[in-house]
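What the coordinates show
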Amino acid sequence: MNSNEEVFVVKNNDTLINFLSFNKKDLSKKKLKQYIKYNMVKVNNNIITNNNYSLKENDRVLLLYKRKIIDNYNLEILYEDKDIIAINKPSGLLSISNSKEKEITAFSLVRQYVKSINPKTYLFTIHRLDEDTSGVLMFAKNEKTKYLFQDNWNNIVKKRIYIAIVEGNIKKDGIFHTYLKENKLGFVYSTKNNTGKEAITEYKVLKNKDNKTLLEVNILTGRRNQIRVHFSENNTPIIGDKKYGSKIKSRLMLHASKLEFIDPRTNKLMVIEAKIPKEFEI
């Protein structure tokens, strides 16, 4: 055993997540669930991905703190060529590292994957998704391609389609057009005097049921938390978005389903799609 792992012996029957929460009070339950989800917990030398897995007395639980054990690469690759790679990022996974999380990110996982094929390959971020938003996320395999996409992003991207479920009944298609600012706590809001960054969000109503609305959303600008802010300020927050006023406990019901752009390398239209998760069925 080394400093990148820790072993615990079960004394009383319990669920895996409760056992880890009790024995690892320095880690949040959300963080522990990520370890379980991404194959970083073993019980009696078997990888377990079920939070509520039943533990019995004398079971040995191994918690790994590094992603080196991820040999079974479990992120869905939507598209890949010599210059770019796009994945279907799951909800709850950071796009890139932050001050609280360095190891468990989409960037680190994809970098691990591309380097396993060619150790000389680098990886660069082209765009990002919020941690709890799932869907199409694209990276570049070299710096030239990164700048080719980033420097022309607003011109080459034609559609950024999201599927969302909001609280309340929205009856008609519509558009939000505001200017956004961010306070010191990271909370984004629309300004009354139009001094922030322009943000335009189009939406189509797909279905209403049980005081919920399923929507197709197209953002014409790519501002931080743009969709979440606009629907929150409409008093119809995205379900699961506690930060912006949702009262329903759920994953964030926002999924980047389609990225449509003119490939700057070929000037041809490309469409990358991520299947809509089952939980979006209403």
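Just so it is clear, the structure is predicted and the values come from calculations on it, not from any experiment.

The strand order β1-β6-β3-β4 describes an open sheet built from four strands, whose pairing is antiparallel. Edge strands, defined here as strands with exactly one partner in the open sheet, are β1 (5-9) and β4 (46-47). Pairing of β1 with strand β6 (residues 60-64) involves five bridges; the strand directions are antiparallel. Opposite F8, over in β6, you have V61 as the bridge partner.

Attention now goes to the confidence of the model for the chain. Here the chain averages 90 in pLDDT, and 93% of its residues register 70 or above. Taken as a whole, residues 67-73 scores under 50 in pLDDT and shows 19 contacts with residues more than four places along the chain or in a different chain.

Let us look at the packing of helix α1 (residues 16-23) against helix α2 (residues 29-37). Interhelical geometry of α1 versus α2 gives an angle of 125° and a closest axis separation of 10 Å. Looking at the two axes, α1 sits oblique to α2. Seen from above, α1 lies across α2 with right-handed handedness. Residue-level contacts link L16, I17, N18, L20 and S21 of α1 to K29, L32, K33 and I36 of α2.

Reading the values: the criteria
Residues numbered from 1 in each chain as written. Predicted model: local features only at pLDDT ≥ 70, side-chain atom pairs only at ≥ 80, totals over all residues. Heavy atoms only, no water. Pairing = 2+ DSSP bridges. Helix = DSSP H or I, 4+ residues; strand = E, 2+ residues; numbered from the N terminus. pLDDT = per-residue confidence, 0-100. Contact = heavy atoms within 4.5 Å. Axes fitted to C-alpha atoms, helices over the stretch in contact; angles between N-to-C directions. Parallel < 35°, antiparallel > 145°, perpendicular 65-115°, else oblique. Left-handed = near helix turned anticlockwise from the far one by under 90°.

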